[in-house]
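Residues per chain are reported as follows:
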Amino acid sequence: MRQVPSLEIDGHSLTQSIAIIEYLEETRPGVSLLPKDPIKRAKVRHISELINSGIQPLQNLQVLQKLGDGNVSIKEWGHYWIHKGFKALELTLASTAGKYCVGDDISIADCCLVPQVHNAKRFNVDMNEFPGINKVYHELSLHPAIQEADPSKMPDADS
């Protein structure tokens, strides 16, 4: 499908965010992005899927390009689906969040949240409506690993 992200690793080419993250989780020792507790692990997967399957695909580049052929405003479309998804996410975070999406350790859910907040800003979603998401995003933005992963710091970023 010629999509990003993609990762060349261990002689293989992997695509799709969750598949890449889970491969790294399973093959690289160190900090885990999935909690040991099965309930917390399920909550991390729930939030990850809410973002990755329920919000993000509706404003990815291929969908927006197709919409550009019709009468629907791309900005309105993206705003609508992000806002709707963030309302559900805000309710979920009310019962799962600590410092991050699920408790006080960074998880796959947080890896999904950061780029989606960037998209929300791009589509002019009023983030003041989502104090729980803002709180988690703020904490994430202070973490050195999240700062290092900022798209503007990637080798192929526009200068």
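This section reports on the structure supplied with the text. Given the structure is predicted, the values throughout are model-derived calculations rather than measurements.

A word on the packing of helix α1 (residues 17-27) against helix α5 (residues 108-122)
Alright, step 1. Between α1 and α5, the shortest axis-to-axis distance is 11 Å and the interhelical angle comes to 145°. Judged by the twist between their axes, the crossing of α1 over α5 is right-handed. The residues of α5 that touch α1, namely those facing I18, I21 and E22, are I108, C111 and C112.
Alright, step 2. Residues that form the contact of α1 with α5 fall into these classes: 5 nonpolar, no polar and 1 charged.

Description of α1
Alright, step 1. Taken residue by residue, α1 has I18, I20 and I21 as its buried positions. Viewed end-on, α1 has its buried residues packed into an arc of 165°, placing them on one side of the element.
Alright, step 2. Where α1 is buried, its residues contact β1 (6-9), β2 (12-15), α2 (38-55) and α5.

Regarding the nonpolar core
Alright, step 1. Counting residues in each nonpolar core, the largest one holds 33 residues, and the members touching the most others are I47, F86, L89, C101, L113, M127 and I133.
Alright, step 2. Elements represented by at least two residues in this core include exactly α1, α2, α3 (61-67), α4 (74-96), α5 and α6 (131-141).
Alright, step 3. No other element matches α5, which puts 7 residues into this core.
Alright, step 4. For I133, the contacting residues outside a window of four places in its chain are F86, L89, E90, L93, L113, V117 and M127.

As for the pairing of β2
Alright, step 1. Strand direction decides the pairing type here: β1 and β2, joined by 4 bridges, are antiparallel. For S6, the partnering residue across the bridge sits in β2 and is T15.
Alright, step 2. Linkage of β1 to β2, two consecutive antiparallel strands, is achieved through a turn of 2 residues, within which D10 is found at a positive phi near 55°.

Overview of the side chain of S48
Alright, step 1. As for its position among the elements, S48 is in helix α2.
Alright, step 2. A distance of 2.8 Å separates a polar side-chain atom of S48 from the backbone oxygen of V44.
Alright, step 3. Filtering out sequence-adjacent residues up to four positions away, S48 remains in contact with I18, S53, I108, A109 and C112.

Scoring rules and cut-offs
- Residues numbered from 1 in each chain as written.
- Predicted model: local features only at pLDDT ≥ 70, side-chain atom pairs only at ≥ 80, totals over all residues.
- Heavy atoms only, no water.
- Axes fitted to C-alpha atoms, helices over the stretch in contact; angles between N-to-C directions.
- Helix = DSSP H or I, 4+ residues; strand = E, 2+ residues; numbered from the N terminus.
- Left-handed = near helix turned anticlockwise from the far one by under 90°.
- Contact = heavy atoms within 4.5 Å.
- Nonpolar A, V, L, I, M, F, W, Y, C, P; charged D, E, K, R; others polar.
- Buried < 20%, exposed > 50% of the residue type's maximum accessible area, 1.4 Å probe, protein only.
- Arc of directions from axis to C-beta.
- Core = buried A, V, L, I, M, F, W, Y, C linked by side-chain atoms within 4.5 Å.
- Pairing = 2+ DSSP bridges.
- Polar contact = N/O pair within 3.5 Å; in protein donor to acceptor, adjacent residues only side chain to side chain.

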